[in-house]
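# Close look at the chain arrangement
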Amino acid sequence: MTLLRDFSPDPVPPAVPVPSPARRRGLRATALAAASVLAAGLLGVVVAGGGTATAGAVGAGSFTETRPAGALLPKGCGAISTNPRTFTTADAPAGAIPTNDWWSSLIWKRNNCTGSEVLHAHPLAFKAENNGLGLSYTTTPAISGTATGVGEFHYPYTEDVRVGLAGLTAPVVKAAGWTDWTVTADWSDGSRTMRATIGHGLPFSYYTVNGGTAQLTTAGTPTVWRNSGATIGFTVRGHDYVAYAPSGATWTVNGTGISSTLAGKGYFSVAVLPGGGDRAALADTYGRYAHAHVTGTRMSYTYNPSAGTVRTTYAFTTTPREGSETKTVVALYPHQWRSLTGATPIGQTYVSARGAMRVLTGVPSFTTSMRFTGVLPEVPAVGDSSGADLATVTGYLNAEKGNPEGVSGTDTYWAGKGLGRAARIAEIADQLGQTSVRDAALTAMRNRLTNWLTAGSGETGQLFYYDRNWGTLIGYPASYGSDEDLNDHHFHYGYFIAAAATLAKFDPGWADDSRYGGMVDLLIRDANNYDRADSRFPYLRDFDIYAGHDWASGLAPFFAGNNQESSSEGMNFANALIQWGQATGDTAVRDAGVYLWTTQSAAISEYWFDVYDQNFPAAFGHKTVGMVWGDGGSYSTWFSAAPEMIQGINMLPITGGHLYLGDFPEYVKANYAELVTNKGGLPTVWQDIIWEFLALGDGEQALRNFRANSGFTSEEGESKAHTFHWIRNLAALGTVDTTVTANHPLAKVFVKNGVRTYVASNITARPLTVTFSTGVTLAVPAGRTATSGAYTWSGGNATGGGTVPTGPPPTTTPSPTPTSASPTPTSASPSPSVPGSLKPVRYLRSGGGLDGTAGTAGTVTVAAANGNSDGTPTNPQVFTATGLTGAYNGGATAFDLAVDAGTAVGNGVQIRVSYDLTGNGGFERVETYRYFATDPVPGAERYRQTQGLLSATGTLGNLSGGTVRVEVWNAIGGAPTILGVGNGSTVTLPYGS
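Presented here is an overview of the structure given in this document. Each chain carries its own residue numbering, running from 1 in the written order of its sequence. Owing to the predicted nature of the model, reporting of local features is limited to residues with pLDDT of at least 70; listing and counting of side-chain atom pairs is limited to 80 or more, with chain, interface and lining totals taken over all residues. Calculated side-chain values reflect all of the structure's heavy atoms, with hydrogen atoms and water omitted.

### Examining the nonpolar core
As a reminder, the rule being used: Each nonpolar core is a collection of buried residues, namely Ala, Val, Leu, Ile, Met, Phe, Trp, Tyr and Cys, held together in the definition by side-chain atoms within 4.5 Å. Relative accessibility decides the category of a residue: with a 1.4 Å probe and only protein chains considered, values under 20% of the type maximum give buried, values over 50% give exposed, and everything between is partly exposed. Think of it this way: any DSSP run of H or I at least four residues long counts as a helix, any run of E at least two long counts as a strand, and we number them from the N terminus. Whether two residues are in contact is decided by their heavy atoms: any pair within 4.5 Å suffices.
Membership of the largest hydrophobic core comes to 210 residues, with the highest contact counts inside it found for Trp-187, Leu-216, Phe-268, Tyr-286, Phe-464, Ile-497 and Trp-580. When residues in this core are grouped by element, the largest group, 11 residues, is from helix H9 (residues 489–506). Apart from the residues within four sequence positions on either side, Tyr-286 is in contact with Pro-203, Phe-204, Tyr-244, Ala-271, Val-272, Leu-273, Pro-274, Val-329, Tyr-350, Val-359 and Thr-361. Grouped together as the second largest cluster of nonpolar side chains are 29 residues, Leu-838, Leu-850, Val-860 and Val-987 included.

Structure (C-alpha cells):
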C-alpha cells in the first residue's frame, strides 16, 4: 500500500507557476472528492441564483444576502441539498451548523451519502455506516516515503468492532447533537433507533437504543477475557475492549458477534483500554464511570495579563444512566498534559497520531495553564535605524512606495496576501520615520479594505455574502474552496483583520463600529466566532477546541480525516485578533486571540514540529511535517514537493505575531539543517521565508545569508524591506526568551549572550508602563514601540492616538544603536561619562510615568499587604523614566509622597528607587527606604526620605540613556493606601546642579 499515492500532492508541471499556500486544500480537496464521486456529478455544479447584490448595512460597510450570479455555495451529498439541516435530526441544536471539525463529514456527506468518512477522535477513530458505528484503535503507524524526500505517517482506520442493533439498517445517519468536542450520531430505520456519542479524548463511546438487541460485531473471533454479568472484556487485533451493559444484563458471544438485550434498559457503553498494566483492574476502574454517559463538553478560558497566563478548563456534562456517578475518564493530548494543573494521570497511555495520550480517571473536568509570551506589531528597529543599514532598508522601503501590496489578487486569499505585505511595510516605515512610504501603504490598505467591506448596489465581486443555511460569510471571488467547501476562512480573513488592525492604529475612526469595524468583527466571527451567544456563526468554526489547532478543510471528506497545512497562517488569524482587539479596545476579541495563539502555538510545537522528539514515529525520519492529518502527518504540501515550501508553509507569513516560531532556538536550527539536507544545498525558492525563520535561531547566520544573496525573488507576500528589517534586527536582539512574560499583550523579551532586551508596543494615545515578570518595567510613549536592556530605542507614531505624524522622524535615541559593525552591548559594557543635566524633580504620574513635569492632581491605589512584605516590593505601583542622561552631583535621592490609608490601622507604605545607569536592563544602584506607618485619620500624610534607608546596593554614577524606576507598595497592613500622583508626589534625583 502506497499512502503517498493516496494523500500526497500531485506533481506541479515545471511550466505552471507554483501556487502559494492556501491553494493546496482547495485544489486537492476537489481532486480527491472527484475521484470518489465523479459519477454522481458532484463537482463543477454552479448553483443557479443570485444576480445583483443587495446589501445589509453594518456601519458604513455592508454585506449582501443575495448571492452573486454564478457564485458557488456549500452543498451536501450530490446536488440534493444546499441545506445542512437535511442531515440533522429535528432535535439537533439550533443556530449555525459547525464546519471544519473532525466530525464534519457526518453532517456534510459530500462523498458518503448515508454515513460518514472516518472520524479521527483519538484515541479511537470511528466510521458511521448505515448498520452501526465502526470503532478502530490503531497502534502501529503506516509509513511511506523517504527520510530525505516526501514521506508521511498514518495510523489508518482499521475496524476492530462495529456497534449497532440486530437488524438495524438506517437509510441515513444524521447528527443529533454536538458540543465543544463531542458529536451524537443518530440511526433510525422506522422500528429501531440508536444514538451514539463520541468525542476527542474519550476512550468510551456511549449508546442509547430502542427496538432491538445491542450487537457488537468484531473483526475476527474475539478473545474474551472477562464475561461477568453486565461486563464483557475482549481482545480484537491485539486491542482490549470492554462493553458495559446495565445492571442485570448479560452478554452472549457467538463467533464474531457479541450481543445483549440490555435487560430492556436501552443503554450501554464500550471502552478501549490502554495497553500495559492489569487490564482487569483497569476494566473495573473504567467500570465505575461507564454509565455516567458524557452528554456535553465545554471549554472556558481566562487570560490573566498580570500573570501572563492562559488557563483553560475542559469540563464534561454527564448523565448517569444508573447510579449516581457523574465523573468520567478522559485521555489528554501532549499539548494538554504538558501544561496540566491539579491532576495526576494514571500510568498507562494511549497510542495516537499525536503521540502518547495520558489518562485521567474520575474527573468532572481538567485545567491547563500556559504561558503567553506576547506578540508585537513588528520587531523593533534596534539594528537598522542608523548608518548603512538604515540606508539599505530605506532604499527597500522607497521601492515599495508605488505598490506596497505587491500582488493585487482579486480573490480573498490573494487580496489578503497583498494586505499583509502592505501592513508590514507600514509598520516598518512608521518605526523608521519614513512617513510617505507608511502613508502610501496605509492608503492602499484603506482602499482595499473599504472596497471589500462594502457590498454596493450592483456590485458582484470583492464583497462578502452571508448564507443563512450554513451560517457563514463568504467572500467572492472565493478561492481554493473557501465557498463550496468553506475551506480556509481563518487563513484568508486573518490577513484582512491583521491589516485592519494596523490601519486602526493610525485611523481609529475608520475602525469604529459606526464605520468599518463592524464588518471586520463579522469576519472574525465567521472564521472563529468568539461569542457563544451569537447564533449567526458556529462557535470557533475553524478551531478544534480539544485538538488545540485549526482545521483547514470545511468538509473533511478524506479517509485520513481532516487536515491542515499552514499552521502559521492559522496563527496569523490568532495574532490578528490580538492586534485588532488591542487597537480597538475590544478585550473579548483580544482575549480570544490570546487563547487561540497560546493554545495553538503549543499544539504546533507538538504536532507540526515535534520539538520534544516524542510524537512522530521513530521511522518517519523527519523533524517536521508540512501537513497534519486526522490520522497522522505528511512531509508534503498540496502544491509542491520542494523542501523550502514543505517546511516554509508552516512559517509564513512572518510577522511580529509569529515569534512563537523561535520558542525553541535549537529546533529552529535543526529544522533548517533538515531543509538543507533534503534540498541537497541551500534554499533556492522562498529564501526570505526560510532565512527569516532561521533568524529566530541564528540571526547572525541568517543575516550573512541575506547579505551574500540579496537578489533572490521574494515570496508573494514578502518584500525585501521586511525581510532585511526582520533579519537585521533579530541578529542584534538574539532569540526570544520564553521565560519572561509581561502584563501587556504587545510585549516580548529577547536574549543574546545572556543579556535581555525588553520590548513593548503602545498603540494607544496615552503613555504606558509595562511590567515584566522579572520586575523590569518599561515606559512606552503613546504610539511607539520602545526597548530597554541591551538596547534602548523608541520609534513609531510619536503623537499617538491614531494621528499619523507629519513631521520629521526623531533624530536622536537615548543610547547609540549598534550597526552591523558594532558589537552587541552587554552588561559588562562600560558606562560612558556623559556630562549634561536632566530635570531632577520627577513627578509620579497616573499610568506609571515618572515625568519631569507635573500632571493633573490624582490618586492611585496601593494594594493592601495582607502579610509582611518589608523590603520586598509586593503588588507595587511602579513609575518609570527612561532615556535619562545627566551628571551625578554627588548627592542623595529625595522623595515626598502624599499617602493616605484613611481610617485603617497598622498600614506601612514603602518605596524603592532603582537606577539603571545605561538603560541596559541591569540596576547599578537600588535603594530601599524604611516603611512609613500611616495614621488612621483620613487625609494625606507626607512620606519622605527622612524615614531612612533600610538597604542600599551599588553606587550611583552618571546617567547615559538610563532608567530610573520607583516602586511603592504596602509593607504591612490589611488595607490599601491612596497615593497622590500628577502633582502630589515627587522624587528628586541627585543629578544636575
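### A few points about helix H15 (residues 665–679)
Test applied: Here the expected length of a helix is defined as 1.5 Å per residue gap, with one fewer gap than residues. Comment: arc refers to directions from the helix axis out to C-beta atoms.
Here H15 contains 15 residues, and its C-alpha end-to-end distance of 21 Å stays within 8% of the 21 Å for a straight helix at 1.5 Å per residue. What H15 keeps buried is the set Tyr-667, Val-668, Asn-671, Tyr-672, Glu-674, Leu-675 and Asn-678. Buried residues in H15, looked at end-on, bunch into an arc of 155 degrees, giving them a common side. Facing away from the buried side of H15, by more than 90 degrees, are the exposed residues Glu-666 and Thr-677.

### A short note on the pattern of salt bridges
Cut-off, in case you're wondering: We define a salt bridge as a contact between a side-chain nitrogen of Lys or Arg and a carboxyl oxygen of Asp or Glu at a distance within 4 Å.
A full pass over the atoms with the stated rule returns 39 salt bridges. Arg-756 is the partner of Asp-737 in a salt bridge, and the nearest nitrogen-oxygen pair spans 2.7 Å. With Asp-737 in the loop between strand E34 (735–736) and strand E35 (747–752) and Arg-756 in strand E36 (residues 755–761), this pair connects stretches of sequence that are 19 residues apart. Overall, Arg-756 belongs to the partly exposed group, its relative accessible area being 28%. Here Asp-896 and Arg-944 are joined by a salt bridge, their closest N and O atoms 3.5 Å apart.

### Here's the deal with the sheet that holds E36
This is how it is decided: Pairing between strands is defined by DSSP: at least two bridges between the two strands are required.
Read across the sheet, 5 strands follow the order E34-E35-E36-E39-E40 without closing on themselves; strand pairing throughout is antiparallel. Only two strands of the sheet have a single neighbouring strand rather than two, namely E34 and strand E40 (793–796). Note that E35 and E36 share 6 bridges and pair antiparallel. Bridging across to E36, Lys-752 finds its partner in Val-755.

### Considerations on the packing of helix H8 (residues 435–452) against H9
Condition: Between N-to-C directions, angles span 0 to 180 degrees; the directions come from axes that are lines fitted to C-alpha atoms, helices contributing only their stretch in contact. Any angle between 65 and 115 degrees counts as roughly perpendicular, while under 35 counts as roughly parallel, over 145 as roughly antiparallel, and the rest as oblique. Crossing handedness is read from the near helix: turned anticlockwise from the far helix by less than a right angle, it gives a left-handed crossing, and turned clockwise, a right-handed one.
The interhelical angle for the contact between H8 and H9, taken along N-to-C directions, is 125 degrees, at an axis separation of 10 Å. Taken together, the axis directions place H8 and H9 in an arrangement best described as oblique. In this structure, H8 meets H9 at a crossing whose hand is left-handed. Seen from H8, the contacting residues are Arg-438, Leu-442, Met-445, Arg-446, Leu-449 and Trp-452; seen from H9, they are Phe-496, Ala-499, Ala-500, Thr-502, Leu-503 and Phe-506.

### Some details on the packing of aromatic side chains
Condition: Between the rings of Phe, Tyr and Trp (Trp by its six-membered ring), a pair exists once the centres lie within 6.5 Å; its type follows the angle of the planes, with under 30 degrees stacked, over 60 edge-to-face, and the other angles tilted. We call a charge positioned above a ring when the Lys NZ or Arg CZ atom is no farther than 6 Å from the ring centre and deviates by at most 35 degrees from the ring normal.
The final tally for this structure, using the stated rule, is 54 aromatic pairs. Ring centres of Phe-153 and Phe-620 lie 5.0 Å apart, and the angle between their planes is 70 degrees; on these two criteria the pair is classed as edge-to-face. Taken together, the residues span a long stretch of sequence, with Phe-153 in strand E7 (residues 151–154) and Phe-620 in the loop between helix H13 (587–607) and strand E32 (627–629) at a distance of 467 residues. Taking the relative accessible area as the measure of exposure, Phe-153 reaches 2% and is therefore buried. What makes Phe-620 buried here is its relative accessible area of 2%. Residues Phe-204 and Tyr-286 carry aromatic rings whose centres are separated by 5.8 Å and whose planes lie at 35 degrees to one another, so their mutual orientation is tilted. Linking Phe-204 in strand E12 (residues 204–210) with Tyr-286 in helix H4 (residues 279–287), this pair joins segments that are 82 residues apart in sequence. Side by side, Phe-204 and Tyr-286 carry an identical accessibility label, which is buried. An aromatic cluster is present here, built from Trp-181, Tyr-314, Phe-316, Tyr-333, Phe-366, Tyr-546 and Tyr-607 joined pairwise through their rings. We note Arg-532 situated over the ring of Tyr-539; from NZ or CZ to the ring centre the distance is 3.9 Å. Seen from the ring of Phe-712, Lys-720 lies directly overhead, with NZ or CZ sitting 4.7 Å from the centre.

### Structural notes on the pairing of strand E20 (residues 292–304)
Every regular strand shows the same layout, with side chains that alternate between the two sheet faces. Examined bridge by bridge, E20 and strand E21 (residues 309–320) share 12 bridges and lie antiparallel to one another. Residue pairing for E21: Tyr-301 is matched across the bridge by Thr-312. With antiparallel pairing between neighbouring strands as the criterion, E20 and E21 make up a hairpin whose turn holds 4 residues, including Gly-308 at a positive phi of roughly 65 degrees.

### Details of unusual backbone geometry
Across the junction of His-122 and Pro-123, the peptide omega takes the value 10 degrees, indicating a cis bond. Checked against the element boundaries, Pro-123 lands in the loop between strand E3 (118–120) and strand E4 (125–129). Residues Tyr-476 and Pro-477 are joined by a peptide bond in cis, for which omega reads 0 degrees. Within the secondary structure, Pro-477 sits in the loop between strand E28 (472–476) and H9. Phi angles above zero are rare outside glycine, and Asp-488 is one such case at about 65 degrees. Structurally, Asp-488 is set in the loop between E28 and H9. What makes Asp-488 buried here is its relative accessible area of 0%. Even without being glycine, Asp-613 reaches a positive phi, approximately 55 degrees. Within the secondary structure layout, Asp-613 lies in the loop between H13 and E32.

### As for empty space enclosed by the protein
The condition is simple: Points on a 1 Å grid, built from protein atoms alone, make a cavity when a 1.4 Å probe fits but cannot get out and make a pocket when they are open with protein on both sides within 12 Å along at least 5 of 7 lines; residues with an atom within 4 Å of a point are the lining residues. Grid points are joined across faces, edges and corners, and a volume is the space filled by probe spheres set on the points. Residues are grouped as follows: Ala, Val, Leu, Ile, Met, Phe, Trp, Tyr, Cys and Pro are nonpolar; Asp, Glu, Lys and Arg are charged; every other residue, Gly included, is polar.
Counted according to the given criterion, the structure contains 7 cavities of 30 Å³ or more. Roughly 240 Å³ of internal volume is contained in the largest cavity. Looking at the largest cavity, it is lined by 29 residues, and the ones nearest its centre are Gly-420, Arg-424, Ala-498, Asn-572 and Thr-655. For the lining of the largest cavity, the elements supplying multiple residues, two or more each, are helix H7 (412–431), H9 and helix H12 (567–584). For the lining of the largest cavity, the class distribution of residues is 14 nonpolar, 8 polar and 7 charged.

### Regarding the sheet that holds strand E25 (residues 357–363)
Spatially, the 3 strands line up as an open sheet ordered E22-E25-E24, and their pairing is antiparallel. At either margin of the open sheet sits one strand with a lone partner, and together these are strand E22 (328–332) and strand E24 (349–350).

### Notes on helix H11 (residues 517–528)
Between its terminal C-alpha atoms H11 stretches 16 Å, which fits the 16 Å expected from 12 residues at 1.5 Å a residue. Counted residue by residue, H11 has 12 buried out of 12 residues, so it is predominantly covered. Looking at H11, one finds that the buried residues are Gly-517, Gly-518, Met-519, Val-520, Asp-521, Leu-522, Leu-523, Ile-524, Arg-525, Asp-526, Ala-527 and Asn-528.

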